[in-house]
Amino acid sequence: MAEKTITIKVLRYNPEQDQAPVFQAYQVPFSDDMSVLQALLFIKDELDETLSFRWSCRMAICGSCGMMINGNPKLSCKTFLRDIYPETVRVEALNHFPIERDLVVVMDDFIDKLERIQPYIIPAAPRSLAQGEYLQTPAQLEKYEQFSSCINCLLCYAACPQYGLNPEFIGPGALALLHRYNADSRDGASAQRMELVAAEEGVFNCTAVGYCSEVCPKHVDPANAVNQNKTTAAGNYFMSFLKPRGTSK
Amino acid sequence: MNRPLKRSNAPIFWGLFGAGGMLSALLGPVLVLITGLAVPMGLLFGADAMSYANMLAFAQHWLGKAFLFAIVSLFLWHAGHRIFHSLHDVGIHAGPGAKAVCYGGALLGTVIAALSLLSMGF
Ligand code: SF4
Ligand code: FES
């Protein structure tokens, strides 16, 4: 019996040697339960060891295997060949990021943004050990829980046309994480983070396209986080005219 | 980390856009239905409901003025903002020129609406 195969076209690029990225096609044995990541691993093990891509957990947890699959930002470990077969699978590096090599992108811009949002709990007042642990009600947990599921996979950045237009934009993923800390009852630093939210690189770059939330593999809904922060930033903007000069922030 | 941050003045335009969006979503279709179809076809309020004299009286009342001003200007601000941000999708790179046309158009419309409403008297 002839083995079923599927064609995988991969965008190859080594910036140090190649003039421009080019597609290279591979024939990979097809089975019902194979993910695109497994197909890439097959290529690397059996056909072409020079192919570069990131991966680790194989189960949509680490966030390292994001790539464009037939034009859409996807986790390659969570995308199955059976949903594409018998069409060709077209695999490219994530949109809107410079290519380091083949499917590996340069993430520096995002890492820098991650630092700028202060993604950690900054308590309003210091708390001593004797005061014990923080207590949180289920309702308080619910306020931020969804936004804490982000795995930094960058699919939402590849989906965001506004980030594509203006890379200064803090972007969906980092803003969702910023909101995660603002919305946490243990945190007291929303006012500090407001400066970035309301800045020219902040939430108002968003034009409510919503594709970020559609592609997010963890149902974080970054578009919702950005929109909530637009409302607070607008309120803060108009309130700032009412305060006496010198006390703004 | 310490790059200087410049506060965005977008809330003004975003606020006008939002207000216009709300108003147009709530009233737009109804207004088209009433003024464009129901009244001209004589289905509502009788045949001369939108006669010149009636409309002038409406626009001369301060409440009518406020209503007309809000409808005309906020619809324009909404449209200007929406069109500006959609230009990219139809392949036009939106620069300062496009911004001037979109928001300038809304501003011009607002000024014309205000002036004509005031010049009609009370
Ligand atoms: S918000 Fe979703 S799509 Fe964006 S980086 Fe986090 S997990 Fe990925
Ligand atoms: S390999 Fe970890 S998310 Fe895909």
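Residues numbered from 1 in each chain as written. Chains lettered and ligands numbered in written order. Predicted model: local features only at pLDDT ≥ 70, side-chain atom pairs only at ≥ 80, totals over all residues. Heavy atoms only, no water.

Some details on the interface of chain A and chain B
- The interface is formed by 21 residues belonging to chain A together with 14 residues belonging to chain B.
- Approximately 1900 Å² of surface area, both sides summed, lies buried where chain A meets chain B, with 62% of it carried by carbon and sulfur atoms.
- The interface formed by chain A and chain B holds one salt bridge in total.
- Close ionic contact of Lys6 of chain B with Glu200 of chain A constitutes a salt bridge, the shortest N to O distance being 3.6 Å.
- Linking chain A with chain B are three residue pairs in polar contact (both at pLDDT 80 or more), by the criterion used here.
- Listing elements by their share of the side of chain A that touches chain B, those giving two or more residues are helix H2 (108-116), helix H7 (190-197) and helix H9 (222-239) of chain A.
- The dominant element in the side of chain A that touches chain B, judged by the number of residues it contributes, is H9 of chain A, at eight residues.
- Here the side of chain A that touches chain B is built from residues that sort into nine nonpolar, five polar and seven charged. (Contact = heavy atoms within 4.5 Å. Buried area = accessible area lost by both parts, 1.4 Å probe. Salt bridge = Lys/Arg side-chain N within 4 Å of Asp/Glu carboxyl O. Polar contact = N/O pair within 3.5 Å; in protein donor to acceptor, adjacent residues only side chain to side chain. Helix = DSSP H or I, 4+ residues; strand = E, 2+ residues; numbered from the N terminus. Nonpolar A, V, L, I, M, F, W, Y, C, P; charged D, E, K, R; others polar.)

A short note on the site of ligand 1
- The local shell around ligand 1 consists of Cys150, Ile151, Asn152, Cys153, Leu154, Leu155, Cys156, Cys216, Pro217, Val220 and Pro222 of chain A.
- For the shell around ligand 1, the per-class residue count stands at ten nonpolar, one polar and no charged. (Near = heavy atom within 4 Å.)

Some remarks on unusual backbone geometry
Residue and element names in this part refer to chain A.
- Cis peptide bonds are those with omega within 30 degrees of zero, and the linkage from Tyr85 to Pro86 qualifies with 5 degrees.
- Inspection of the secondary structure assignment puts Pro86 in the loop between strand E4 (72-75) and strand E5 (89-92).
- The backbone of Arg58 sits at a positive phi, close to 65 degrees, despite the residue not being glycine.
- By the element assignment, Arg58 lies in the loop between helix H1 (36-47) and strand E3 (66-69).
- In this structure Arg58 comes out as exposed when scored by relative accessible area, which is 55%.
- Although it is not a glycine, Asn70 adopts a positive phi angle of roughly 45 degrees. (Buried < 20%, exposed > 50% of the residue type's maximum accessible area, 1.4 Å probe, protein only.)

A look at the side chain of Asp102 of chain A
- For Asp102 of chain A, the location among the structural elements is in the loop between strand E6 (99-101) and strand E7 (104-105).
- Looking at Asp102 of chain A, its side chain comes within polar contact range of the side chain of Arg12 of chain A, at 3.1 Å.

Let's talk about H9 of chain A
- When the terminal C-alpha atoms of H9 of chain A are compared, their 26 Å separation across 18 residues agrees well with the 26 Å that a helix rising 1.5 Å per residue should span.
- All of the buried residues along H9 of chain A are Pro222, Ala223, Ala225, Val226, Asn229, Lys230, Ala233, Ala234, Asn236 and Tyr237 of chain A. One face of H9 of chain A carries all of its buried residues, which in axial projection span an arc of 165 degrees.
- On its buried face, H9 of chain A sits against helix H4 (155-159), helix H6 (172-182), H7 and helix H8 (211-215) of chain A together with helix H1 (10-38) of chain B. (Expected span 1.5 Å × (residues − 1). Arc of directions from axis to C-beta.)

Description of the pattern of salt bridges
Residue and element names in this part refer to chain A.
- Evaluated as defined, the whole model comprises nine salt bridges over all chains.
- With a closest N to O distance of 3.1 Å, Arg12 and Asp102 form a salt bridge. Highlighted residues: Arg12 in strand E1 (residues 5-12) and Asp102 in the loop between E6 and E7, separated in sequence by 90 residues. Each member of the pair, Arg12 together with Asp102, is buried.
- The residue Arg116 makes a salt bridge to Glu201 at a minimum N-O spacing of 3.6 Å. In this pair, Arg116 sits in helix H2 while Glu201 sits in the loop between H7 and H8, placing the two residues 85 residues apart along the sequence.
- For Glu201, a relative accessible area of 11% gives the class buried.
- Taken together, the shared-partner salt bridges in this structure form one network comprising Arg12, Asp48 and Asp102.

Describing the domain arrangement of chain A
All names here are of chain A.
- Each assigned domain of chain A is listed with its residue range as follows: domain 1 (5-105) and domain 2 (108-242).
- The straight-line distance from the C-alpha centre of domain 1 to that of domain 2 is 30 Å.
- Opposite the 16 residues of domain 1 that make contact, domain 2 presents 16 residues.
- Together, the buried faces of domain 1 and domain 2 total about 1200 Å²; carbon and sulfur atoms form 66% of this surface.
- Counting the surface domain 1 buries against domain 2, the share from its top three residues, Pro73, His96 and Phe97, is 48%.
- Where domain 1 meets domain 2, there are zero salt bridges.
- Where domain 1 touches domain 2, the interface holds four residue pairs in polar contact (both at pLDDT 80 or more). (Domains from an automatic or database assignment.)

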